[in-house]
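Read off the chains here:
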Amino acid sequence: MNVRVLLLAIFWANQALTQGFSGLGTEAEGFAMPDPQHVISFPQDHGAHPDFRIEWWYLTATLEGDDGAQYGVQWTLFRSAMRPGEGEGWQSPQVWMGHAAVTSAEEHHVAERLARGGIGQAGVISTPFETFIDDWQMLATGAGLEDMTVRARGADFAYDLALHATGPIVLQGDRGYSVKSPGGQASHYFSQPFYEVSGVVTLPDGPVAVTGQGWLDREWSSQPLAEDQSGWDWFSLSFDTGARLMGFGLRGAALFTSATWIAPDGTPTPYGDGALQLTPLNHVEIEGREVPTEWRVALPVRGVDVTVEALNPQAWMGVSFPYWEGPISIAGSHTGRGYLEMTGY
Amino acid sequence: MALLTLLSHWRRHPGQLVTLMLGLALATALWSGVQAINEEARQSYARAAASVTAQSYDRLVTPDGQPVPMADYIALRRAGWLVSPVIGGHVQIGAERWRLLGIDPLTAPQGILPQAAGESLVDPTAFLTGPGQAFVTPGVNIVSDQREMPNFVPVEGIAPGLILTDLSVAARLLDQQDPSFLTILPDQPAGLPALAEVTSLTRQQPSEDRDLSRLTQSFHLNLTAFGFLSFAVGLFIVHSTIGLAFEQRRPVFRTLRALGLPLGRLVGALMVEVTGIALIAGSVGVFLGYFVAAALLPDVAGTLRSLYGADIGGSLAFRPLWAGVGLLIAMLGAWLSAAQAVWKVARMPLLAPAQPRAWAMASAKGRRWQVAGALALFGTSGVAGATGGSLIAGFLCLGALLLGAALMLPPVVSLILAGLSRMVRGALPEWILADTRQQLPGLSLALMALLLALSANVGVSTMVGSFRQTFLGWLNQRLVSELYVTAASNGQAEEIRAMLAPMVDATLPIAYAESRIAGAPGRVYGVADHATYREYWPMIVSVPHVWDALAAGQVALINEQLSLREGLSPGDPVRLTNGLTLPVGGVYSDYGNPTGQAMIALSLLRDRFDDVQEQRTAIRIDPERRGAVIATLQDRFDLPDGAVVDQERVKQASIDVFDQTFRVTGALNVLTLAVAGFALLASLMTLATMRLPQVAPLWALGQTRARLAWIELGRSLGLVLITWAVALPVGLALAWVLLAVVNVVAFGWRLPMMLFPLDWVRLLGLAVLSSALAAAYPALGLLRMPPAHLLKVFSNER
């Protein structure tokens, strides 16, 4: 057995080995299920929910270096429970996985860390907020999530960033209850899409001072996909107008889309299945897979009709379960920058 | 058609066919058996080297050998260092003691857990949670006891005696939360703080004495040499049988050729025949070889475990490649054996008389060549022995010596017979001697085979015997104390010593610390200044007043292995630990220990080393009072079974280990001798059928058949006696090479050679017995032969 297979199995249920992300659609025995009545409240929902099977703290940032080049940075901590609840020491059923990446037009650096819960190697503290795995961490320097530092390191890269929120936390879906399929699969989901970012990205050629925008996603569930869904395409778009658009499409027997229009002041407007239109325009071949790295994204009800294009189409995350994640540029009815995540290819 | 005609020969001589097949099969069996064992061991080493247990990664350990505090592990991870925790230890499950290794698959280096082709063998949830899963080598049966046991999953590739499981399971079974050590992954992120800034743990390189394949190389070379010897002996059988069969078929060849069969077709048919026989006999041989290997493997495993601490499995896997190579070897051997005979057929003039003549009749010229070849081989052997220093040189020396002796045998026997025939008077004795000389070419191959087997036997048993005798003497010297007590801790040991002090003659702490001696891992022992050591410790060489100097902390004693490896003699400095270098005061013998060792004054050890282990105590006491002391100890201290052992038990355990070590050598010895006996039987049987023309006239002159049979039997025994006499010096030379050259390189100790004449007599008995058995059948045939048969010799005279 290699660790990759093991991890794939841990994070995405055993029978899903060959189908990758579709494993998220399998049964979740004994785990808590997302509840539409649940009222998201802070600071406790910044912390972990060990009774749910899977959870993530997901930061992406689109940055510009003092060398004039564009960069993307990702910092993610996943939590996966092999059974609900916590345990003592090594007996903990919680497994943590960190992914970090730096993307430029030419380069894409990825690192991964794994840890089990219960021993202090990885975890989340809700007040003052801190998530960490090994020496990677996302740490609040003030109250809530307003001001944070984020750092990570791989074999050939490192970054150290400061984040400052200029807007409020945004609840996705129905007050944080985000539906993922016609059958009712759902997750709890909120975001902080208003970070101003500054710091240093260190690449093999040396350190680069960077500034830009960041977007934090928080999501937890036990069964976010339906049986027939094989993966998703997720977009976070920051328009130059100050508005934001979160949208995703879940690929199943039929495409299931969902979107949230976020006004510059942070007021969210959720849109259910069908309002968002996603059309892949151009595919590139990465490791034998056809991955669409150019899309037409349309939300007619808001007058959005844009083309998004990857800064680096080869932004493949070759980790325990591989997926595509990278910065994109936006052109069309709106302009701006954003991040794209594609799984299940 | 030609082939069928040729094959009909075997139908008329089934005995010959059986001999040929058996010879080839036996040769192949022993050769491929040994190869199977070697291959199995190689696989085991490869597996061991690939696993985390082999220390192929650097480790972080505490200086005192205690578990690594969890906080230290977390501090390292939080500083960015990629280290992986391992909880290891021993567990007793039922009657078996297992090595338990708990790893963290999330942080461990890739490829630690077993995998089948592209498929995960592990149910991750089952592996990481609940009772967990544990991998063990297939074929073991673990009887669970009361504790909550993991589910045992048999998996190819796990070292025998090892349970590989998740850290959480190991933590539970060993009741230890903190890692035993941390594995340092080879690839670390850029820009990490220095290790010393993050932790006070000690970085440990993979230790060199675990390089099993290097250590055990000599042992496997040894096995291979034995296998080759057996194969050579087997080929002698094949060669003589094929030669005979070809010789007997000369009329057939002539007739076939005269009938118009082209030479090429005839030779082709013969090659097909030989190949077919080789294929069948080779398959049987490979089959037998598998069983030979399966039967010997437990002994081999035992040997390797006691000599080198190497664990190989006791069960054998069937490998197609190995079987293929075995078949190929059988075929090559058969072709080699048949080459001469086929060559003769190819060159046979078409109209040559078809009269059978004694085959392979050696001319005087041929004999001179033999002598020259033998002398050249002796020369090679001498040069290899003198310049050697490597295992290969040692074995070259051995091989050349053996082959040279074998080549030399027929001329020597002939010379002896010639000498005897000048001494005897009377027609019958003279005839016997003359006839024996006449017979010699036909028997010489078998006698050479016997010589090889006998010499190997003498050599190896002398080596093992010398070793055993030396070892026993050494044990008696070294294990001089009457009782040995192992306490649970240093503190308890101190209490025990304090309590016993007034009751016994002396309490001698056995104190040591793990260290790096002259750069390699080894133990440094501390010894109290006591007459026990001064009187009994087995020194090889030492400076004057060495024990006074030792007690004063001025010198260190080192074991022979260290002395030979590092080239250290008394007076040379040896580095014992950081900041402690002492001159060597003496060298002592230390058999059965593959690593270097040193001894210094007890007080010096306690002063200069951390983590001194002092749980063991040797007790000098009047043997009469042993029982009382044992009772007191067990009464006062809660000592487990085996914590108090008397001298006798320690000695017996050591001797058991020793005997286990050489069991496989003994087994191979017997097998080789058996094959040689069979070679003799084969030769005698074939000769018997050919020798009627020689015997019939004697019968016609009035000798009874019974008398003739006795003469035949006596003649064979005489030849065996001569062979044995030649084998003795050859065997002793062999033993000397083994002891003085091979052992030094292979084990790191030199041994005095001792002679065991009783063994030689026993061997003579065995040789006589096997040759008597071999000769009895043909002699019996002569005894029972109808007179008409003998008469036919005259009527058939061509």
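None of the values given here were measured: they were computed from a predicted structure.

This paragraph deals with the overall build of chain B. Each helix and strand in chain B was counted, giving 25 helices and 18 strands. Residues counted as buried form 53% of the 798 residues belonging to chain B. Partitioning the contacts of chain B with sequence separation of at least 6, the portion at a separation of at least 24 is 80%. With the model as given, the accessible surface of chain B reaches about 34500 Å², and the carbon-plus-sulfur share is 61%.

Right, let's get into the side chain of B:Asn559. Mapped onto the fold, B:Asn559 is located in strand S13 (residues 556-559). Here the side chain of B:Asn559 touches B:Leu562 through a polar contact of 3.1 Å, landing on its backbone nitrogen.

With that out of the way, let us pick up a nonpolar patch on the surface. All names here are of chain B. A cluster of nonpolar side chains, contributed by Met271, Leu328, Leu332 and Trp335, occupies part of the molecular surface with about 360 Å² of accessible area. The element contributing the most residues to the nonpolar patch is helix H10 (residues 320-347), with three residues. Structurally, the position occupied by Leu332 is in helix H10. On the accessibility criterion, Leu332 (47% relative accessible area) is partly exposed.

Two side chains carrying opposite charge are able to pair once their charged atoms lie near each other. All names here are of chain A. Per the counting criterion, the structure on display carries 21 salt bridges over all chains. With a closest N to O distance of 2.7 Å, Lys180 and Glu219 form a salt bridge. Taken together, the positions of Lys180 in the loop between strand S11 (177-179) and strand S12 (186-203) and Glu219 in strand S13 (residues 206-221) put the pair 39 residues apart, joining distant regions of the chain. Taken individually, Lys180 and Glu219 each receive the classification buried, so the pair is uniform in this respect. Shared partners join several salt bridges into a network, and the residues in it are Glu55, Arg79 and Arg218.

The next point concerns the confidence of the model for chain B. All names here are of chain B. Of all residues in chain B, 83% attain a pLDDT of 70 or more, and the chain-wide mean is 78. Within chain B, the element-level pLDDT minimum falls on helix H7 (residues 212-248), averaging 68, and the maximum on helix H3 (residues 70-78), averaging 94. The low-confidence segment residues 207-211, where pLDDT is below 50, has twelve contacts with residues more than four positions distant or belonging to other chains. Residue range residues 353-363 is modelled with pLDDT below 50. Its contacts to residues more than four positions away, or to other chains, number 22 contacts.

Helix-helix packing is characterised by the crossing angle of the two axes and by the distance between the axes. Residues and elements named next belong to chain B. Closest axis-to-axis distance for the helix H1 (residues 2-12)/helix H8 (residues 250-258) pair is 11 Å, and the angle between their directions is 165 degrees. In this view, H1 runs roughly antiparallel relative to H8, as classed from their interaxial angle. At the point where H1 passes H8, the crossing takes the right-handed sense. Contacts between H1 and H8 involve Ala2, Thr5 and Leu6 on the former and, on the latter, Val252, Phe253 and Leu256. Its residues placed into classes, the contact of H1 with H8 shows five nonpolar, one polar and no charged.

B:Leu576, B:Ile600 and B:Phe609 are the most contacted members of the largest nonpolar core, which has 124 residues in total. When residues are assigned to domains, this core turns out to be shared by domain 1 (1-50 + 217-357) and domain 3 (488-638) of chain B, each giving three or more. When near neighbours in sequence (up to four residues on either side) are disregarded, B:Leu576 contacts B:Ser515, B:Arg516, B:Ile517, B:Val524, B:Ala556, B:Leu582, B:Ala598, B:Ile600 and B:Phe609. Formed by 39 residues, the second largest nonpolar core is a distinct cluster that contains A:Tyr58, A:Ile262, B:Ile103 and B:Leu162.

Once that is clear, we can look at the pairing of strand S11 (residues 520-527) of chain B. Residue and element names in this part refer to chain B. Of all eight residues that make up S11, seven are buried, and the element is covered over most of its length. In the sheet, strand S10 (residues 506-517) pairs with S11 via seven bridges, with the strands oriented antiparallel. Within S11, the residue paired with Ala513 across the bridge is Val524. Taken together, S10 and the strand that follows it, S11, pair antiparallel across an intervening segment of two residues, in which Ala518 is found at a positive phi of about 50 degrees. In this sheet, strand S16 (residues 596-601) lies alongside S11 in parallel orientation, the contact comprising six bridges.

Residues and elements named next belong to chain A. Per the stated rule, a full pass over the model turns up 17 aromatic pairs over all chains. Relative to Trp96, the ring of Trp57 lies with its centre 5.8 Å away and its plane at 35 degrees, an arrangement referred to as tilted. Taken together, the positions of Trp57 in strand S1 (residues 54-65) and Trp96 in strand S3 (residues 94-104) put the pair 39 residues apart, joining distant regions of the chain. For the pair Trp57 and Trp96, one class covers both residues: buried. Through pairs of rings, three or more aromatic residues link up here, namely Trp56, Tyr58, Phe78 and Trp232.

The next point concerns unusual backbone geometry. Outside of glycine, negative phi angles account for most residues, and trans bonds account for most peptide bonds. Cis rather than trans, the peptide bond between A:Phe42 and A:Pro43 has omega equal to 10 degrees. Looking along the chain, the bond that leaves A:Thr127 and enters A:Pro128 is cis, with omega of -20 degrees. The residue A:Pro128 is located in the loop between strand S5 (122-125) and strand S6 (130-133) in this model. Positive phi outside glycine occurs at A:Glu287, with the angle close to 50 degrees. With respect to the element layout, A:Glu287 can be found in the loop between strand S18 (277-286) and strand S19 (289-299). Judged by its relative accessible area of 61%, A:Glu287 is exposed. The backbone of B:Asp175 sits at a positive phi, close to 50 degrees, despite the residue not being glycine. Position of B:Asp175 among the secondary structure elements: in the loop between helix H5 (167-174) and strand S7 (181-184).

Rules behind the numbers
- Residues numbered from 1 in each chain as written.
- Chains lettered and ligands numbered in written order.
- Predicted model: local features only at pLDDT ≥ 70, side-chain atom pairs only at ≥ 80, totals over all residues.
- Heavy atoms only, no water.
- Helix = DSSP H or I, 4+ residues; strand = E, 2+ residues; numbered from the N terminus.
- Buried < 20%, exposed > 50% of the residue type's maximum accessible area, 1.4 Å probe, protein only.
- Contact = heavy atoms within 4.5 Å.
- Areas by Shrake-Rupley, 256 points an atom, 1.4 Å probe, with all protein chains shown as cover.
- Polar contact = N/O pair within 3.5 Å; in protein donor to acceptor, adjacent residues only side chain to side chain.
- Patch = residues over 30% accessible without salt bridge, like charges linked within 9 Å, V, L, I, M, F, W, Y side chains within 5 Å.
- Salt bridge = Lys/Arg side-chain N within 4 Å of Asp/Glu carboxyl O.
- pLDDT = per-residue confidence, 0-100.
- Axes fitted to C-alpha atoms, helices over the stretch in contact; angles between N-to-C directions.
- Parallel < 35°, antiparallel > 145°, perpendicular 65-115°, else oblique.
- Left-handed = near helix turned anticlockwise from the far one by under 90°.
- Nonpolar A, V, L, I, M, F, W, Y, C, P; charged D, E, K, R; others polar.
- Core = buried A, V, L, I, M, F, W, Y, C linked by side-chain atoms within 4.5 Å.
- Domains from an automatic or database assignment.
- Pairing = 2+ DSSP bridges.
- Phe/Tyr/Trp six-rings, centres within 6.5 Å; stacked < 30°, edge-to-face > 60°.

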